[in-house]
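Observations on chain architecture
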Amino acid sequence: MRTTARFTGLTAKIAGVTAKIAGATLVIATALVLGACNDNSSSSSSATSTHPKPNATSAAPFPAAGHDAIQCGTGPWGLAVVVSTAHGTDFCPTALSVVNAYADERAKQSNGDIAVVVDTIRWVCGERQGNPNPYQECASQNESADRVRLLS
């Protein structure tokens, strides 16, 4: 009888340890899956691509409320420069300075967002996913909410 009771107790302990291991494995697997959802690294199939992966679509409407969409000519890479601003065409020289500074920095960094400063204003620039085509955008980090887009 003692042997049977000892085996029963041992079996219960093994089952408890097995349940803890299974629980820990589930937690680790869940963490890995959830972590992969936010993974912005390149996969092996895209590692040979020379183009940066587009970031999420800009959440703000273009042009922004109270702003006009202004065509400012041709910018880097032969792309059209279009701005969302309340400053009218007087803003075009600044917009061109911003996209040229962005292009200079992009030559040094092939992917990810890039910050540039023009006339003491910080701009964050990068590729965004459009519908259907991606575009380059620089957004001012001051209260004006001006944005400059490079479009094909």
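Here, the structure is the one placed above.
Everything numeric in this text was worked out from a predicted model, so none of it was measured.

**Things to note about the environment of cysteine 138**
Within the secondary structure layout, cysteine 138 lies in strand E5 (residues 135-140). In this structure, the C-alpha to C-alpha distance between cysteine 138 and alanine 115, residues 23 residues apart in sequence, is 8.7 Å. Among all residues touching cysteine 138, those that are not within four sequence positions of it are Val98, Tyr102, Trp123, Val124, Cys125, Asp146, Arg147 and Val148.

**Some points on the sheet that holds strand E2 (residues 80-85)**
Reading across from one edge, E1-E2-E6-E5-E4-E3 is the order of the six strands in this open sheet, with antiparallel pairing throughout. What marks the edges here is a single partner per strand, and that holds for strand E1 (68-74) and strand E3 (114-118). Across the sheet, the mean angle separating the axes of adjacent strands is 25 degrees when strand polarity is ignored. Together, E1, E2, E3, strand E4 (121-128), E5 and strand E6 (147-151) form the strand contacts of helix H2 (residues 92-106), whose direction differs from that of E3 by roughly 140 degrees.

**Some points on the side chain of arginine 106**
Note that arginine 106 resides in helix H2. Although buried, arginine 106 forms no salt bridge, and the nearest oppositely charged side chain, aspartate 113, lies 5.7 Å from it. In this view, arginine 106 contacts Trp77, Asn111, Gly112, Ile114 and Gly126; residues no more than four positions away in its chain are not counted.

**Re the state of the cysteines**
Within this structure, the stated rule accounts for two disulfides. Cysteine 72 shares a disulfide with cysteine 92; S-S distance 2.0 Å. Judged by the sign of its S-S torsion, about -70 degrees, the cystine formed by cysteine 72 and cysteine 92 is left-handed. Remark: cysteine 92 occurs in helix H2 and cysteine 72 occurs in strand E1; sequence separation between them is 20 residues.

**A short note on the pattern of salt bridges**
Inspection of the entire model under this criterion finds four salt bridges. The closest approach of N and O atoms between aspartate 113 and arginine 128, which form a salt bridge, is 2.8 Å. Taken together, the positions of aspartate 113 in the loop between H2 and E3 and arginine 128 in strand E4 put the pair 15 residues apart, joining distant regions of the chain. Residue classification places arginine 128 among the buried positions, given a relative accessible area of 11%.

**Brief notes about the side chain of serine 84**
On the secondary structure map, serine 84 appears in strand E2. The class for serine 84 is buried, based on a relative accessible area of 0%. A distance of 2.9 Å separates a polar atom in the side chain of serine 84 from the backbone nitrogen of alanine 64. When neighbours within four sequence positions are excluded, serine 84 is seen to be in contact with Phe62, Pro63, Ala64, His67, Asp68, Ala145, Asp146 and Arg147.

**Examining the nonpolar core**
Counting residues in each nonpolar core, the largest one holds 19 residues, and the members touching the most others are Val81, Val83, Trp123 and Val148. Within the residue set of this core, elements represented by two or more residues are E1, E2, H2, E3, E4 and E6. For this core, the leading source of residues is H2, giving five residues. With sequence-adjacent residues up to four places away left out, valine 83 is seen in contact with Phe62, Asp68, Ala69, Ile70, Cys72, Phe91, Ala95, Arg147 and Val148.

The rules we used
- Within any chain, residue numbers begin from 1 and follow the written order of that chain's sequence.
- Where local features are concerned, this predicted model is filtered to residues with pLDDT of at least 70; where side-chain atom pairs are given and counted, the filter is 80 or more; whole-chain, interface and lining totals use all residues.
- Side-chain figures throughout are based on the complete set of non-hydrogen atoms in the structure, without hydrogens or water.
- Secondary structure elements are taken from DSSP: a helix is a run of H or I of four residues or more, a strand is a run of E of two residues or more, and numbering for both begins at the N terminus.
- For this analysis, residues touch if any pair of their heavy atoms sits within 4.5 Å.
- By definition, two strands form a pair when at least two bridges between them are found by DSSP.
- The axes are straight lines fitted to the C-alpha atoms, using for helices just the contacting stretch, and the angles between their N-to-C directions are given from 0 to 180°.
- Note on classification: 1.4 Å probe, protein chains only; a residue is buried when its accessible area is under 20% of the maximum for its type, exposed when over 50%, partly exposed between these limits.
- Under the convention used here, Asp and Glu are negative, Lys and Arg are positive, and both His and the chain ends fall outside the count.
- The term salt bridge refers to a pairing of a side-chain nitrogen on Lys or Arg with a carboxyl oxygen on Asp or Glu at a separation within 4 Å.
- Here, the term disulfide refers to a pair of cysteine sulfur atoms separated by no more than 2.5 Å.
- Any N or O atom pair separated by 3.5 Å or less is treated as a polar contact, with the protein-specific requirement of one donor-capable and one acceptor-capable atom, and with residues adjacent in sequence counted only for side-chain atom pairs.
- Take the buried Ala, Val, Leu, Ile, Met, Phe, Trp, Tyr and Cys residues and link them wherever side-chain atoms come within 4.5 Å; each set so joined is a nonpolar core.

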